[in-house]
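Residue strings, one per chain:
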Amino acid sequence: MTNCIRVEPMDATLGAAVRGIDLREPLGDEAFGALHDAWLEHAVLVFPEQFLDDESHQAFSRRFGRLERVITRREGSTVVISNLSNVREDGSLIEPDGRRALFLKGNSYWHTDSSFKRVPAKASILSARQVPTEGGETEFADMRAAWDRLEPEMQSRLEGTVALHSYRYSQGKVGGLDLLGEDDLDNLPPVEHPVVRTHPETGRKNLYIGRHASHILGEDVAESRELLETLCDEACRPPRTFSHRWKAGDLVMWDNRCVLHRGRPYPPDQPRQMRRTTVAGDQADNEWAV
Ligand code: OGA
Ligand code: MN
């Protein structure tokens, strides 16, 4: 079966399309090994035409580790699949500037999922159920290549620095905090992560930045914030980026440890329905993992 898996790299420093595999079927060890290797190498894998339902999406995701529970649900919930959708249960579209739209709007800025958690996420797995006729692409940027291209002076300036990542900061900036209650937000206090991380499985260094990173600890807030923004802006450019134009049924899996991503705008009068699971970081004591 692994013999039929084809991995076709994108025209960028990251990303590959994977064909010749049906993710609705349980994944044998050999196929899992092949996918895992390809994922570590390319950091983003695109699986066209998979059409997973919630159950098979979760089963596939669990092959990669424990899943994070969804932050929009109250404590004690074990829901692990997010419904990233602009469609209400009754089929109507959400208000373009209502609290759910503002919550979703946060995703349109470069970020890495769950960097605002003490144990940040390992992978995210996103699948498309219904897509707009234009826009709504998801873009990915390679933070390994972004690190490699920095001048040695900048690399040593950043080595050893620690950034404060805060959901209140990042979502507050887009006005998107209202979907969560104060008690939910209290469960998401600011956390510290090194700006330069070594990937635990590949050993490659990468920048760990994005919209949840507020500033660098022990440095001037405004100046270090500007530095982080400049780094992000310069990192997220070709050839370190690619854009995925979704078709319903596609599934994309990325490595949050070394990739930034963002969703592109689309006409608010068109439905876009996506489902996402988040594979928890490997640390044993992770309060978000179920
Ligand atoms: C996500 C995300 C962007 C998009 O699912 O984590 O940021 O294009 N999505 O929906
Ligand atoms: Mn995201």
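Thresholds applied
- Every chain's residues receive numbers from 1 upward, in the order its sequence appears when written.
- Just so you know, chain letters begin at A and ligand numbers begin at 1, following the order they were written in.
- Per-residue local features are limited, in this predicted model, to residues with pLDDT of at least 70; the limit for side-chain atom pairs, both in listing and counting, is 80 or more; totals at the level of whole chains, interfaces and linings are taken over all residues.
- Side-chain numbers come from the whole structure's heavy atoms, not from hydrogens or water.
- Water is absent from the atoms considered, so a metal site may look incomplete; donors are defined as N, O and S atoms within 2.8 Å of the metal, or 3.2 Å for Na, K and Ca.
- With a 1.4 Å probe rolled over the protein chains alone, any residue whose accessible area is under 20% of its type maximum counts as buried; one over 50% counts as exposed, and the rest are partly exposed.
- In this text, helices come from DSSP runs of H or I with a minimum length of four residues, and strands from runs of E with a minimum of two, each type numbered from the N-terminal end.
- N or O atoms within 3.5 Å of each other form a polar contact, as long as, within protein, one can give a hydrogen and the other can take it, and as long as residues adjacent in sequence are counted only when both atoms are side-chain atoms.
- Contact between two residues is taken to exist if any of their heavy atoms lie within 4.5 Å; hydrogens are not considered.
- Strands are labelled as partners when DSSP assigns at least two bridges between them.
- Near, as used in this document, describes a residue that has one of its heavy atoms within 4 Å of the molecule or strand being considered.
- For the accessible areas, the method is Shrake-Rupley and the probe is 1.4 Å, while residue cover comes only from the protein chains on display.
- Basically, the charged four are Asp, Glu, Lys and Arg, the nonpolar ten are Ala, Val, Leu, Ile, Met, Phe, Trp, Tyr, Cys and Pro, and anything else, Gly included, counts as polar.
- To get an axis, a line is fitted to the C-alpha atoms, and for a helix only the part in contact is used. The angle between two axes follows their N-to-C directions and goes from 0 to 180 degrees.
- Each nonpolar core is a collection of buried residues, namely Ala, Val, Leu, Ile, Met, Phe, Trp, Tyr and Cys, held together in the definition by side-chain atoms within 4.5 Å.
- Definition used for salt bridges: Asp or Glu carboxyl oxygen within 4 Å of a side-chain nitrogen of Lys or Arg.

> Residue-level account of the coordination of the manganese ion (ligand 2), with values.
Coordination of the manganese ion (ligand 2) by the protein comes from His-111 (NE2), Asp-113 (OD) and His-261 (NE2), over a distance range of 2.1 to 2.2 Å. Read N to C, the donor residues that coordinate the manganese ion (ligand 2) are spaced as H-x1-D-x147-H. Accessibility assignment for this pair places His-111 and Asp-113 in one class, buried.

> So what's going on with the side chain of His-57? Which residues, and what values?
Looking at where His-57 falls in the secondary structure, it is placed in helix H2 (residues 54–62). The class of His-57 is buried, set by a relative accessible area of 0%. Polar side-chain contacts of His-57 include one of 3.1 Å to the backbone oxygen of Ile-125. In this structure the side chain of His-57 is engaged in a polar contact, spanning 3.1 Å, whose partner is the side chain of Ser-127. Excluding anything up to four places from it in sequence, His-57 contacts Leu-52, Ile-81, Ile-125, Leu-126, Ser-127, Leu-251, Arg-275, Arg-276 and Thr-277.

> Lay out the side chain of Ser-224 with the relevant residues and their values.
Residue position: Ser-224 is located in helix H8 (residues 221–235). Given the relative accessible area of 1%, Ser-224 is considered buried. When neighbours within four sequence positions are excluded, Ser-224 is seen to be in contact with His-215, Ile-216 and Glu-219.

> For the pairing of strand E15 (residues 273–279), give the residues involved together with the corresponding values.
Here E15 lies mainly inside the structure; seven of its seven residues are buried. Neither face of E15 is open: one carries Gln-273, Arg-275, Thr-277 and Val-279, the other Met-274, Arg-276 and Thr-278, and all of them are buried. In terms of strand pairing, strand E4 (residues 82–85) meets E15 through four bridges, oriented antiparallel. Paired with Ser-85 across the strands is Gln-273, a residue of E15.

> Pulling in residues and values, what's your account of the site of ligand 1?
Around ligand 1, the neighbouring residues are Leu-84, Asn-107, His-111, Asp-113, Leu-126, Thr-138, Trp-254, His-261, Gly-263, Arg-272 and Arg-276. Contacts to ligand 1 include Asp-113, whose side-chain N or O atom sits 3.0 Å from an oxygen atom. Residue Thr-138 places a side-chain N or O atom 2.6 Å away from an oxygen atom belonging to ligand 1. Bound to the protein, ligand 1 loses 97% of the 290 Å² it would expose on its own. Looking at the shell around ligand 1 residue by residue, the class counts come to three nonpolar, five polar and three charged.

> How would you sum up the sheet that holds strand E14 (residues 259–263)? Please name residues and give values.
As summarised here, the arrangement of the three strands in space is E12-E6-E14, forming an open sheet in which the pairing is antiparallel. The open sheet has two edge strands with one neighbour each: strand E12 (241–244) and E14. Put simply, the sheet's adjacent strands are angled 20 degrees from each other on average, direction ignored. Pairing of strand E6 (residues 138–142) with E14 involves five bridges; the strand directions are antiparallel. Counted as the bridge partner of Phe-140 is His-261 from E14.

> Provide a residue-level description of the nonpolar core, including the pertinent values.
Membership of the largest hydrophobic core comes to 28 residues, with the highest contact counts inside it found for Val-44, Phe-140, Tyr-167 and Val-259. Broken down by secondary-structure element, the contributors of at least two residues to this core are strand E3 (44–47), helix H3 (99–105), strand E5 (123–130) and strand E13 (251–255). Examining the composition of this core, we find that three residues originate from one element, H3, more than from any other. When residues no more than four places from it in sequence are discounted, the contact partners of Val-259 are Leu-14, Ala-43, Val-44, His-111, Thr-112, Phe-140, Ala-141, Met-143 and Trp-254. Grouped together as the second largest cluster of nonpolar side chains are 24 residues, Val-18, Ala-38, Phe-60 and Ile-125 included.

> If you had to explain the pattern of salt bridges to someone new, which residues and values would you point to?
Following the criterion strictly, the structure yields 25 salt bridges and no others. Note that Glu-68 and Lys-117 form a salt bridge whose closest N and O atoms lie 2.5 Å from each other. Note that Glu-68 is positioned in the loop between H2 and E4 and Lys-117 in the loop between H3 and E5, a separation of 49 residues in sequence. Residue classification places Lys-117 among the buried positions, given a relative accessible area of 3%. Across the salt bridge formed by Glu-137 and Arg-245, the nearest N and O atoms sit 3.9 Å from each other. Of the two residues, Glu-137 sits in the loop between E5 and E6 while Arg-245 sits in the loop between E12 and E13, which places them 108 residues apart along the sequence. Residue Glu-137 is classed as buried on the basis of its relative accessible area of 19%. Using a relative accessible area of 38% as the deciding quantity, one classes Arg-245 as partly exposed.

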